[in-house]
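A structural walkthrough
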Amino acid sequence: MSGATAAEVTGTSRLLLALAAVAVAFAAADTYVVVLALPDMMTGVGVPIDQLQRAAPIVSGFLLGYVAMLPLIGRIADLRGRVPVLVMALVLFALGSLVTTVAYDMPSIVAGRFLQGVGGGGLVPATLALVADLYPAHRRGVPLGVVSAVQEIGSVLGPLFGAAVLAVADWRAIFAVNLAAGLVLAAAIRALAPRSDESRRRVDVVGTALLLAALASAAIVFLRPAPLMRDVTWGRLFIPFAGDGRWLTPIGATTVVALALLLAWCWYAPRPLLDLRGWTRVLVEADLAGALLLAGALGGVILAFATADPKVEVFSPRGRWYLLGAVVAAAAFAWHVRRAADPLVPRGALRRTPAWGALLVSFFVGAALIAALIDIPLFARTTVYPDDQLPAALVLVRFLLALPVGAVAGGYLIRFLSPGLVTAVGMVMAAVAFVLMTRWGLTTIEEPVANLALVTGGLGFGLALAPVNAALLASTDDDVHGVASAFVVVARMVGMLVGISALTTIGLRRYYAEQRAVPPVQEVCDGDSRCKEFSDLLRVAGIAQEHAVFWGAAGCAAVAAVLALVLFRDVRPTRLTVRDAIGSGG
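Residues numbered from 1 in each chain as written. Predicted model: local features only at pLDDT ≥ 70, side-chain atom pairs only at ≥ 80, totals over all residues. Heavy atoms only, no water.

Quick look at the overall build of the protein now. A count of helices and strands for the protein gives 23 helices and zero strands. When the 586 residues of the protein are sorted by exposure, 51% land in the buried category. A sequence separation of at least 24 residues applies to 79% of the contacts in the protein between residues at least 6 apart. For the protein, the accessible surface area stands at approximately 26,000 Å², while carbon and sulfur atoms represent 67% of it. (Helix = DSSP H or I, 4+ residues; strand = E, 2+ residues; numbered from the N terminus. Buried < 20%, exposed > 50% of the residue type's maximum accessible area, 1.4 Å probe, protein only. Contact = heavy atoms within 4.5 Å. Areas by Shrake-Rupley, 256 points an atom, 1.4 Å probe, with all protein chains shown as cover.)

Here it is, written out as structure tokens:
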């Protein structure tokens, strides 16, 4: 199959893709929703607010689920179909939201965030592959641009959504809304999927009852309602058999038994609520062993960079060990792929130059993009908003609003221009924007001229998103679009993690060099311990640090532009591609 024909793109298909795009936006928003809620989340699970480093797993847990499981989910989407994976991903996202909502300690909230990451990440490759299924090659550009746009809009709405909910409720309400949205979207997408009359009539009463029993008892374990705990009779449910763990109580044991019965029923029943045996076969067919090895490699990279404090270190204290584990796992994965009959990445799936080139370009796009997402707000705080995080973060909104506009424009332009050229133009615009940022001074953020760099950079990055995905899809076979799309997302995320560490290191070296040139405070302030003149000198050193990061990001953007021109040179505009096919009788 080479994608749908124009006549096959029906209203139902468009609605299905629209729902999938909304789901992608929700998952993207959830990546950033913890920005403002993190202190309250820490307090809610018993972590003191002055121990911010202990909250790192809340962020890294989501990233680990989002990135490490992507290739497996992408491969399952190739084998099982796009819609079933979309539904299952949304169910996992909803389950993770539920666990996060009722979390009572750090392990439970990290587990919830991990499940959210797995579900949210799985939506992206399935949706990109769905575009390739629904639209012929010459009509994919704009839909790919729209999917990229809504993903970036989600990153804009995430902090705003979190702030809006926190204004009227606590942090748990954020994830309760995610729970409801995930279930509604899963039901809507499943309703649009074609099903047989038999499947429409099938209702697993036993499985549903066991699921409700497991959820109800688990809710009691997590929430521990005060009226039940104070009751003389019901309170015995919360008395541990040994130790003080919640799961070593009668209600905890009841929950475990209910879950065990539910899993057994789903395995042995002829028509279970969840076809556990069928999904297990798919996991084996998708090469679960290879996926776990690759997840170990990706997880090592994520933990090495995501758990570090970028202000003082490139890696976390255990970063070198994480990276060593990643190298070992990557070597084992490469060995496995050579020997497995049906590996996670089918042999030759990424053999064409634009296919593996898309991964390389995506890596450098991510390395440059993270500098904008992190360092533009940091620059604002260094200069005009030193005591207020919210206005500093809102400066980035100008960049982020331009990005989805560029994404849709990039998808449209590849109909007439080659994806390599569109990508290169976009990344040159991004590089120019970063160069303009190196001219920013103490008050530039408040001046209209700052908008030139912010809008140019947002449009530039947006232009590059759809062409990279289009080049990948045009250079890979239909039956590997899911796993190939997953690897593009993985490459971008890894580029972001490596990029922020490398660029921060460059910036810190510049900062320390500038700081050494600052005279002692007593000399500047005439014997006082602090004065405005000395603070301004430190701010100038901070500006020099951000300028160094922006120069590094400009270099990454320029590399991405050159790579796109070279590696995508054989990918033609989609309008020309379809004309060639018509001319040759294809």
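In this section: the packing of aromatic side chains. Across all of its chains, the model carries 12 aromatic pairs by this definition. Centroid distance F222 to W247: 5.9 Å. Interplanar angle 80°. Geometry classified as edge-to-face. Pair noted here: F222 is in helix α10 (residues 205–223) and W247 is in the loop between α11 (226–230) and α12 (250–268), with a separation of 25 residues, a long-range link. Residue classification places W247 among the partly exposed positions, given a relative accessible area of 35%. One aromatic cluster is present, formed by F379, F399, F434, W440, F461 and F550 through successive ring pairs. Above the face of the W279 ring, R80 is positioned so that its terminal group lies 4.4 Å from the ring centre. (Phe/Tyr/Trp six-rings, centres within 6.5 Å; stacked < 30°, edge-to-face > 60°. Lys NZ or Arg CZ within 6 Å of the ring centre and 35° of its normal.)

Taken as a whole, this structure holds five salt bridges when the rule is applied. Residue D30 is joined to R113 by a salt bridge in which the shortest nitrogen-to-oxygen separation is 2.8 Å. Residue D30 is found in helix α1 (residues 11–32), and its partner R113 is found in helix α6 (residues 106–134); the two are separated by 83 residues along the sequence. Under the relative-accessibility criterion, R113 is labelled buried at 1%. Between R352 and D477 there is a salt bridge; the shortest N-O distance is 3.8 Å. Of the two residues, R352 is situated in the loop between α15 (319–339) and α16 (353–383) and D477 in the loop between α19 (449–474) and α20 (481–516); the sequence distance between them amounts to 125 residues. By relative accessible area, which is 33% here, R352 ends up partly exposed. The class of D477 is partly exposed, set by a relative accessible area of 36%. When salt bridges with common partners are traced through the structure, they connect R75, D78, R82 and D133 into a single cluster. (Salt bridge = Lys/Arg side-chain N within 4 Å of Asp/Glu carboxyl O.)

We now examine the nonpolar core. Grouped together as the largest cluster of nonpolar side chains are 134 residues, with contacts concentrated most on I376, F399, M427, F434, W440, F461 and F568. Setting aside residues no more than four positions away along its own chain, F434 makes contact with A368, A371, A372, F461, F550, A553 and A554. In this structure, A37, L38, V47 and I174 belong to the second largest nonpolar core, which totals 18 residues. (Core = buried A, V, L, I, M, F, W, Y, C linked by side-chain atoms within 4.5 Å.)

Glancing now at a nonpolar patch on the surface. Judged by side-chain polarity, V142, V146, V408, Y412, F416, L417, L421, V425, V562, L565 and V566 come together as a nonpolar surface patch covering roughly 820 Å² of accessible area. For the nonpolar patch, the secondary-structure elements that each account for two or more residues are α7 (141–168), α17 (389–413), α18 (419–437) and α22 (532–567). Element by element, the count of residues in the nonpolar patch is highest for α22, at three residues. On the accessibility criterion, V142 (32% relative accessible area) is partly exposed. (Patch = residues over 30% accessible without salt bridge, like charges linked within 9 Å, V, L, I, M, F, W, Y side chains within 5 Å.)

Right, let's get into unusual backbone geometry. Of note in the backbone geometry, R224 takes a positive phi value of approximately 45° without being a glycine. A positive phi angle, near 75°, is found at D287, a position not held by glycine. The topology assignment puts D287 in the loop between α13 (276–285) and α14 (288–306). The buried category is assigned to D287, whose relative accessible area is 6%.

In this structure, H547 sits in helix α22. Under the relative-accessibility criterion, H547 is labelled buried at 14%. A distance of 2.8 Å separates a polar atom in the side chain of H547 from the backbone oxygen of W440. (Polar contact = N/O pair within 3.5 Å; in protein donor to acceptor, adjacent residues only side chain to side chain.)

Turning next to the side chain of S362. On the secondary structure map, S362 appears in helix α16. On the basis of relative accessible area, S362 is assigned to the buried category, the value being 5%. Of note is the side chain of S362, whose polar atom sits 3.0 Å from the backbone oxygen of V488. Residue contacts for S362: discarding those within four places in its chain leaves V488, A491 and R492.

For the protein, the mean per-residue pLDDT works out to 84, and 87% of the residues sit at or above 70. Across the protein, α18 holds the top mean pLDDT of 96, while helix α9 (residues 197–201) sits lowest at 48. Note that pLDDT drops below 50 for residues 578–586; the model gives that stretch three contacts with residues more than four away or on any other chain. (pLDDT = per-residue confidence, 0-100.)

Running from N to C, α7 and α19 cross one another at 130°; their axes reach a closest spacing of 8 Å. Considered as vectors, α7 and α19 are oriented oblique to each other. The way α7 lies across α19 gives a crossing that is right-handed. Contacts between α7 and α19 involve G141, L144, G145, S148 and E152 on the former and, on the latter, L465, A466, N469, A470 and L473. (Axes fitted to C-alpha atoms, helices over the stretch in contact; angles between N-to-C directions. Parallel < 35°, antiparallel > 145°, perpendicular 65-115°, else oblique. Left-handed = near helix turned anticlockwise from the far one by under 90°.)

Turning to its location among the elements, R351 is positioned in the loop between α15 and α16. Sequence separation of R351 and S475 is 124 residues, and the distance between their C-alpha atoms is 8.8 Å. Residue contacts for R351: discarding those within four places in its chain leaves W356 and D477. At 2.6 Å, the side chain of R351 forms a polar contact with the backbone oxygen of G348.

To continue, consider the environment of L228. Within the element layout of this structure, L228 appears in helix α11. Its relative accessible area of 25% is what places L228 among the partly exposed residues. Along the primary structure L228 and F238 are separated by 10 residues, whereas in three dimensions their C-alpha atoms are 8.9 Å apart. Filtering out sequence-adjacent residues up to four positions away, L228 remains in contact with I220, W234, G235 and F238.

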